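Structural overview for review
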Amino acid sequence: MEEHDLRDYTELAERAKDSSERFGAIAQKQKDLEARLVEIAALKKHIINYSKTRDIYAEYRKSGYSKKFFEEYREAITLHKAAKDAFSQIEGKIPKIKELNQEYEQVLQEKKKTYAEYRQARQEMKDIQTAKYNVDQFLKSEEQNQKAEKRKTTEQTL
């Protein structure tokens, strides 16, 4: 407790709760950043697939959606349709690859910066939780000793 400049148990419990909440918030931010990185990567992949398969899909449409043509170019047509589906879920216009690369780099930098904070918060939480656990065990042991003494004195008086 002295190591963390704590004077009483209530303060220790409050600090343990606060450090746990801080760690949870930082961990959630890390997850959110990671999710955004995944979204950006998927969107980039769809944009690339769309541009690579645009001509084949145009030919497929000109063929009157021929089953033979579809079977021949199944993979390209499927990729094109998946890209179109992904684009339909985007509000506004589709970003350019260059913009996505810039955003990806910014999010990655933020994630790296937050990770240092994450490690520090995790270690602090671990230290405080360990100190609280040790104090809890000590207090529990003291309480059990007092109960045992009380029983002994009660048995001796009977």
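The shown structure was predicted, so the numbers you read here are calculated from the model rather than taken from an experiment.

With that out of the way, let us pick up the overall build of the chain. Helix and strand content of the chain: four helices and zero strands. The N-to-C order of helical and strand elements in the chain reads α-α-α-α. Seen through its C-alpha atoms, the chain measures out along the principal axes to roughly 105 × 35 × 20 Å. Among the 158 residues that make up the chain, the fraction classed as buried is 23%. Within the chain, counting contacts between residues at least 6 apart in sequence, those at least 24 apart form 76% of the total. Split by element, the accessible area of the chain, about 12000 Å² in all, is 49% carbon and sulfur. Both charge centroids of the chain, one from 33 positive and one from 30 negative side chains, sit 9 Å from each other.

On to a positive patch on the surface, then. A grouping of Arg61, Lys62, Lys81 and Lys84 is seen on the molecular surface, where their side chains present a positively charged patch. Listed by contribution, the elements that provide at least two residues to the positive patch are helix H1 (9–62) and helix H3 (74–88). Relative to the assigned elements, Lys62 resides in helix H1.

Packed helices, taken two at a time, are described by the angle their axes make and the gap between the axes. Running from N to C, H1 and helix H4 (residues 97–157) point in directions that differ by 155°, and their axes come no closer than 7 Å. Here H4 runs roughly antiparallel to H1, going by the angle between their axes. Handedness of the H1/H4 crossing: left-handed. Here the contact of H1 with H4 is composed, by residue class, of 26 nonpolar, six polar and 14 charged.

This paragraph deals with the nonpolar core. Counting nine residues, the largest nonpolar core consists of Leu33, Leu37, Ile40, Leu43, Ile47, Ala83, Phe87, Leu100 and Val107. Put simply, the parts of the chain that give this core at least two residues each are H1, H3 and H4. Sequence-distant contacts of Leu37, defined by excluding residues within four places in its chain, comprise Tyr104, Val107, Leu108 and Lys111. Listed in part, the six residues of the second largest apolar core include Ile26, Ala27, Tyr118 and Ala121.

Together, Tyr9, Phe138 and Leu139 give the surface a local cluster of nonpolar side chains, amounting to about 290 Å² of exposed area. Inspection of the secondary structure assignment puts Phe138 in helix H4. For Phe138, a relative accessible area of 51% gives the class exposed.

A word on H3. For H3, with 15 residues, the first-to-last C-alpha span of 21 Å sits near the 21 Å given by 1.5 Å per residue. Buried residues in H3 make contact with H1 and helix H2 (67–72).

Bringing the pattern of salt bridges into the picture now. When their charged atoms lie close together, side chains carrying opposite charge are able to pair. With the rule as written, the count across this model stands at nine salt bridges. The shortest N-O distance in the salt bridge between Glu110 and Lys29 comes to 3.0 Å. Of the two residues, Glu110 sits in helix H4 while Lys29 sits in helix H1, which places them 81 residues apart along the sequence. A relative accessible area of 24% places Glu110 in the partly exposed class. Taking the relative accessible area as the measure of exposure, Lys29 reaches 38% and is therefore partly exposed. Between Arg74 and Glu71 there is a salt bridge; the shortest N-O distance is 2.6 Å. Taking relative accessible area as the criterion, Arg74 reaches 40% and is therefore assigned partly exposed. Overlapping salt bridges bring together Lys29, Glu110 and Lys113 as one network.

Basis of the calculations
Residues numbered from 1 in each chain as written. Predicted model: local features only at pLDDT ≥ 70, side-chain atom pairs only at ≥ 80, totals over all residues. Heavy atoms only, no water. Helix = DSSP H or I, 4+ residues; strand = E, 2+ residues; numbered from the N terminus. Buried < 20%, exposed > 50% of the residue type's maximum accessible area, 1.4 Å probe, protein only. Contact = heavy atoms within 4.5 Å. Areas by Shrake-Rupley, 256 points an atom, 1.4 Å probe, with all protein chains shown as cover. Lys, Arg positive; Asp, Glu negative; His and termini not counted. Charge placed at Lys NZ, Arg CZ, Asp CG, Glu CD. Patch = residues over 30% accessible without salt bridge, like charges linked within 9 Å, V, L, I, M, F, W, Y side chains within 5 Å. Salt bridge = Lys/Arg side-chain N within 4 Å of Asp/Glu carboxyl O. Axes fitted to C-alpha atoms, helices over the stretch in contact; angles between N-to-C directions. Parallel < 35°, antiparallel > 145°, perpendicular 65-115°, else oblique. Left-handed = near helix turned anticlockwise from the far one by under 90°. Nonpolar A, V, L, I, M, F, W, Y, C, P; charged D, E, K, R; others polar. Core = buried A, V, L, I, M, F, W, Y, C linked by side-chain atoms within 4.5 Å. Expected span 1.5 Å × (residues − 1).

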